[in-house]
Amino acid sequence: MRQSTLAILLLTALLALIDQLYRVLHPEVNFARATLVGATAYLALRVLGLARVRLVSPVRGALAIAASAFGSVALIEAGWLQSRSAISALVHVAILAVAYLALGCRRSCAARAPERDAA
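Residues numbered from 1 in each chain as written. Predicted model: local features only at pLDDT ≥ 70, side-chain atom pairs only at ≥ 80, totals over all residues. Heavy atoms only, no water.

**Student:** Mind showing me how you'd approach the nonpolar core here?
**Tutor:** One recurring pattern in soluble globular proteins is that nonpolar side chains are buried together. Within the largest apolar cluster, 21 residues are counted, with the highest numbers of intra-cluster contacts made by L11, I18, V37, V56, I65, L96 and Y100. Among the elements that make up this core, the one with the highest residue count is helix α1 (residues 2-25) (7 residues). Setting aside residues no more than four positions away along its own chain, Y100 makes contact with S4, A7, I8, L11, V56, R60 and A64. (Core = buried A, V, L, I, M, F, W, Y, C linked by side-chain atoms within 4.5 Å. Buried < 20%, exposed > 50% of the residue type's maximum accessible area, 1.4 Å probe, protein only. Helix = DSSP H or I, 4+ residues; strand = E, 2+ residues; numbered from the N terminus. Contact = heavy atoms within 4.5 Å.)

**Student:** For this particular structure, what's the right way to read the side chain of S72?
**Tutor:** Take S72: it is sitting in helix α3 (residues 58-77). A relative accessible area of 1% means that S72 is categorised as buried. Once you skip the residues sitting within four places of it in the chain, S72 turns out to touch L81, V91, H92 and I95.

**Student:** Which parts of the structure should I look at to understand unusual backbone geometry?
**Tutor:** Both trends apply: most residues other than glycine have a negative phi, and most peptide bonds are in trans. For R84, which is not glycine, the phi torsion reads 60 degrees and is therefore positive. Residue placement: R84 occurs in the loop between α3 and α4 (86-118). Assessed through its relative accessible area of 54%, R84 is described here as exposed.

Written out as structure tokens, the structure is:
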């Protein structure tokens, strides 16, 4: 649990940095920007992995960040969330955390599936 909490905090910080970057490079909040955020997260986590700083799986981390970005954009486009608000930041973190934990659960459940079939 402690490792997941640390990973979520680190991914939240990475998401905030990438989001600040794209507020300048691509100021419109849309699905194209969400795609760029997810791709940039993957590249950043991959580069950290190559530098032997493996804090989180690049694929799992990037998918969690992309889910957060896409989910937030969908809520903003639907009019249920206002961009750049405190609630928006909390929603970003909540979606990221749920996605990260769900991806971990999926992997651990998939790893256990063959054991159940063998019995």
